[in-house]
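Summary of the model geometry
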Protein chains: 12
Amino acid sequence: MAVVKVIELIGASPNSWEEATRNAVAKAARTVRNIEGVELVGQTAVVEGGRITQYRADVKIAFVVEEVTEG
Amino acid sequence: MAVVKVIELIGASPNSWEEATRNAVAKAARTVRNIEGVELVGQTAVVEGGRITQYRADVKIAFVVEEVTEG
Amino acid sequence: MAVVKVIELIGASPNSWEEATRNAVAKAARTVRNIEGVELVGQTAVVEGGRITQYRADVKIAFVVEEVTEG
Amino acid sequence: MAVVKVIELIGASPNSWEEATRNAVAKAARTVRNIEGVELVGQTAVVEGGRITQYRADVKIAFVVEEVTEG
Amino acid sequence: MAVVKVIELIGASPNSWEEATRNAVAKAARTVRNIEGVELVGQTAVVEGGRITQYRADVKIAFVVEEVTEG
Amino acid sequence: MAVVKVIELIGASPNSWEEATRNAVAKAARTVRNIEGVELVGQTAVVEGGRITQYRADVKIAFVVEEVTEG
Amino acid sequence: MAVVKVIELIGASPNSWEEATRNAVAKAARTVRNIEGVELVGQTAVVEGGRITQYRADVKIAFVVEEVTEG
Amino acid sequence: MAVVKVIELIGASPNSWEEATRNAVAKAARTVRNIEGVELVGQTAVVEGGRITQYRADVKIAFVVEEVTEG
Amino acid sequence: MAVVKVIELIGASPNSWEEATRNAVAKAARTVRNIEGVELVGQTAVVEGGRITQYRADVKIAFVVEEVTEG
Amino acid sequence: MAVVKVIELIGASPNSWEEATRNAVAKAARTVRNIEGVELVGQTAVVEGGRITQYRADVKIAFVVEEVTEG
Amino acid sequence: MAVVKVIELIGASPNSWEEATRNAVAKAARTVRNIEGVELVGQTAVVEGGRITQYRADVKIAFVVEEVTEG
Amino acid sequence: MAVVKVIELIGASPNSWEEATRNAVAKAARTVRNIEGVELVGQTAVVEGGRITQYRADVKIAFVVEEVTEG
């Protein structure tokens, strides 16, 4: 049966955690096929000069694998 | 004294976790009165073709009850 | 075999978390039969004028069900 | 959009946690339509005379709802 | 070496958890210098009349301190 | 919008965790205005000579702030 | 240096979690010397006929040991 | 009132986590009377040559005690 | 000294979580050498037509690495 | 009775988490009297050029207070 | 098959958490054979006069048992 | 924007968890560029003959990626 692999990425955005999540998914999608879903496991933000300059989304991305590369 | 009941729903939205949460609250509000608040306990997203197509918000909704139905 | 259902309620009391828990159980027992036990999963209190006016007990109540109503 | 409801049941079986989970799902399926999935959140067992007589599976069952009954 | 202090605030907004977080950071920045970052540790919302009227973001804010005031 | 600050105290009592919580709230209320609520996050007890001599309640106290002092 | 051992007991009482905790400590103190403290790690209650008949306190008890018996 | 003691064991089996749990219970039952139940708190497996050779069940076993031995 | 890498996979099986775990390990073993062990960190199941059609085991697989590929 | 306040600091050191913890305590001790203890709640490190340049210890520091300043 | 027992100890040291852990293991090894491993589950320190005087390591120690003594 | 990848390694050392962490980072740095930081998420030790022979540090290592390899 199919096996799913789960990797952890941290995406960033100046605007929102949704966009930070989309950026992480987009980056993964350039090399990983068959992404099924994403889970948001952490939300932080960078503050500079008293203002938030970057939202950071810690996400787990799940995708179907033919072979487990990584060895 | 009043007793509060807590139920768990998962709302969905193509746009954001806020909208997914609002959709869950709106659905509950059609049949449940006296909703007091909501807690976001999980955030996931469905990915299709390398893009997020649905944000899903796992929420706990609290509302005052006259009687505990459910039996 | 019998199936147990678990619901979450928040009981309140001006005096103690035990009484808040008893109030949640009493409310449930008016409509739910066969309650077996309760687990306390959260304890908060409301403060007004610098004094606690209400203890709140977040409880999970387990009871045997003939049929799962809820649909 | 569709909203999913999540309820918590504890199924039992003399044989395994898989069967206990199946029993909880089967009971729910008698009255709840559109069950999508189940998450196992707790595993215990009853012991009598030094032997396990009952496996108990604490599960969360998710199903699509037209209306949130429960109010 | 520099020491970082971490305080917990709950910001609010009628629109989103991002704005609620920004509001907490902005309030802190009026009196606290050298804020480095923020972690979102809880997300709730207030519901009135069946609609969300306030998003609440429970955040931990970290900032470099010369001296630990608080004593 | 108003911002809420959350501080952590440990109250003590020879009698109960409720009284230990009340003592922590009373101490905070001498200098902090606008306390809204308290969450009990830990319960321990000191034992001397085989008997409990002190109940200790680890509590988070939330209060509305005009300005975030602490800097 | 001294080593502390930590054991887990569940005490019971018809009246309160404080008394259930005291009962666990009292039982331990009959055979264990040098108990230093106790941490409450779980609170449940048994319900019969719609009423709580027993409060149960899951506690961790810490005591100084000369030798680690248990082997 | 009766006091329950909770001990932690790790049972093993070449076949399943259920059997690993039964093995832990069976071992405990040779010297411990009045076991009431078991909670599964961890599940691991040993892998050799690319195959699982041993399922390991980390369990908490609860039993009624006359006296707390352990001192 | 040797370094161990930990990856996360989700295996599936129509029969049990043990078989789902074995399937994940088997898939990994086709390309990864020196697997030492596996930890089960999540258990879910897919339900179709009121019956479980697939058990899913979320596992962490640990293996000794010569070099950390992944860059 | 005395009330204990708990604050959260992050200390740093080029050498170890123990030293990072000591640095946090030393900084606090310059302005806070009656520190009783510290709990280590997080351990991270900064990496530059493939080497750890700073250990960071996230600690909770508890101290007895006469008055709760903070308001 | 062999069964492993897990006990919890708190070791202390004036110098480091590693030494505190070694002290706990050394104490256990005087009466317990076949210790396989140890897991660090908590790290605290005692502070006196603004300085750390004792590191305390809360550890779980696992060892193979012939018979489960403890009864 | 840049995306950060997070991988999990377990480093080992005969001396300390700091050295075990450094060993994991050093191994990763041989093939992974742009490591930003590391989080310690687990601490265990191997015991042989009643003495600790190996400290093991379970770490999450974060590094900036141009492309997500892994597919």
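In this report, the structure presented in the accompanying data block is examined. (Residues numbered from 1 in each chain as written. Chains lettered and ligands numbered in written order. Predicted model: local features only at pLDDT ≥ 70, side-chain atom pairs only at ≥ 80, totals over all residues. Heavy atoms only, no water.)

**Some thoughts on the overall build of chain A**
For chain A, the helix and strand inventory stands at one helix and three strands. Here chain A has a C-alpha radius of gyration of 14 Å; the compact-globule value for 71 residues is 11 Å, and the former is much larger. Dimensions of chain A, computed from C-alpha atoms along their principal axes, come out at roughly 50 × 20 × 15 Å. Counting only residues that meet the buried cut, chain A has 58% of its 71 residues in that class. Long-range pairs, those at least 24 residues apart, make up 63% of the contacts in chain A with a sequence separation of at least 6. Here chain A contributes 8 positively and 10 negatively charged side chains, and the mean placements of these two sets differ by 6 Å. (Helix = DSSP H or I, 4+ residues; strand = E, 2+ residues; numbered from the N terminus. Rg over C-alpha atoms; globule rule 2.2 N^0.38 Å. Buried < 20%, exposed > 50% of the residue type's maximum accessible area, 1.4 Å probe, protein only. Contact = heavy atoms within 4.5 Å. Lys, Arg positive; Asp, Glu negative; His and termini not counted. Charge placed at Lys NZ, Arg CZ, Asp CG, Glu CD.)

**Looking at the interface of chain D and chain C**
Where interface size is given, it is often the accessible area lost as the parts come together that is meant. Between chain D and chain C, the residue contacts involve 22 residues of the former and 15 residues of the latter. Note on chain D versus chain C: buried area summed over both sides is about 1500 Å², and carbon and sulfur give 54% of it. Across the pair D:Glu8 and C:Lys60 runs a salt bridge whose closest N-O atoms are separated by 2.8 Å. Elements supplying a minimum of two residues to the side of chain D that touches chain C: β1 (3–13), α1 (17–29) and β3 (51–65) of chain D. With seven residues, the single largest contributor to the side of chain D that touches chain C is β1(D). Across the side of chain D that touches chain C, the residue classes tally to 10 nonpolar, five polar and seven charged. Two elements, strand β1 (residues 3–13) of chain C and β1(D), share three bridges in a ladder whose sense is antiparallel. The partner of C:Val6 across the bridge, within β1(D), is D:Glu8. (Buried area = accessible area lost by both parts, 1.4 Å probe. Salt bridge = Lys/Arg side-chain N within 4 Å of Asp/Glu carboxyl O. Nonpolar A, V, L, I, M, F, W, Y, C, P; charged D, E, K, R; others polar. Pairing = 2+ DSSP bridges.)

**Focus on the pairing of strand β2 (residues 35–48) of chain I**
Summarising the sheet, strand β2 (residues 35–48) of chain D and β2(I) pair through three bridges and their orientation is antiparallel. If you follow D:Glu39 over to β2(I), its bridge partner there is I:Thr44. Across 12 bridges, the pairing between β2(I) and strand β3 (residues 51–65) of chain I is antiparallel. The residue of β3(I) that forms the bridge with I:Val38 is I:Ile61.

**Here we look at the interface of chain I and chain D**
Taken together, the contact between chain I and chain D spans 12 residues of the former and 13 residues of the latter. Roughly 990 Å² of surface becomes buried between chain I and chain D when both sides are summed, with 57% attributable to carbon and sulfur atoms. Contact with chain D buries area across many residues of chain I, yet I:Trp17, I:Gln43 and I:Val47 alone supply 49% of it, more than any other trio. Across the contact surface, chain I and chain D share zero salt bridges. At the boundary of chain I and chain D, one finds five residue pairs in polar contact (both at pLDDT 80 or more). Only α1 (17–29), β2 and β3 of chain I provide two or more residues apiece to the side of chain I that touches chain D. Looking at the side of chain I that touches chain D element by element, the count peaks at five residues for β2(I). Among the residues making up the side of chain I that touches chain D, the classes are represented as six nonpolar, five polar and one charged. (Polar contact = N/O pair within 3.5 Å; in protein donor to acceptor, adjacent residues only side chain to side chain.)

**Section: the relation of the copies chain D and chain C**
The operation relating chain D to chain C is a screw motion whose rotation component is 120 degrees, with 0.0 Å of axial translation and a residual RMSD of 0.0 Å. Accordingly, the operation relating the two chain copies is best matched by a three-fold axis. (Least-squares fit on C-alpha atoms with pLDDT ≥ 70 in both.)

**Examining the side chain of F:Asp58**
Its place among the elements puts F:Asp58 in strand β3 (residues 51–65). No salt bridge is formed by the buried F:Asp58; the nearest opposite charge belongs to J:Lys60, separated by 6.3 Å. Residues in contact with F:Asp58, not counting those within four places in the same chain, are F:Glu8, F:Leu9, F:Ile10, F:Glu39, F:Leu40, F:Val41 and F:Gly42.

**Re the pairing of strand β1 (residues 3–13) of chain J**
Residues and elements named next belong to chain J. Most of β1 sits inside the fold, with 11 of its 11 residues counted as buried. Here β1 shows two buried faces, one formed by Val3, Lys5, Ile7, Leu9, Gly11 and Ser13 and the other by Val4, Val6, Glu8, Ile10 and Ala12. Sheet topology places β1 next to strand β3 (residues 51–65); 11 bridges connect them, and they run antiparallel. Each bridged residue has a counterpart across the sheet, and for Leu9 the counterpart in β3 is Val59.

**Comments concerning the arrangement of the chains**
Between chain A and chain D there is no contact, and the shortest C-alpha to C-alpha distance separating them is 15 Å. The two partners chain G and chain L share no contact, and the minimum distance between any of their C-alpha atoms is 13 Å.

**Overview of the side chain of E:Lys60**
Looking at where E:Lys60 falls in the secondary structure, it is placed in strand β3 (residues 51–65). Looking at E:Lys60, the relative accessible area reads 19%, which means it is buried.

**Details of the packing of aromatic side chains**
All names here are of chain B. Scanning the entire structure with this criterion turns up 12 aromatic pairs over all chains. Pairing Trp17 with Tyr55 gives two aromatic rings, centres 5.0 Å apart and planes at 80 degrees, and the pair type is edge-to-face. Residue Trp17 is located in helix α1 (residues 17–29), and its partner Tyr55 is located in strand β3 (residues 51–65); the two are separated by 38 residues in the primary sequence. The buried category is assigned to Tyr55, whose relative accessible area is 1%. (Phe/Tyr/Trp six-rings, centres within 6.5 Å; stacked < 30°, edge-to-face > 60°.)

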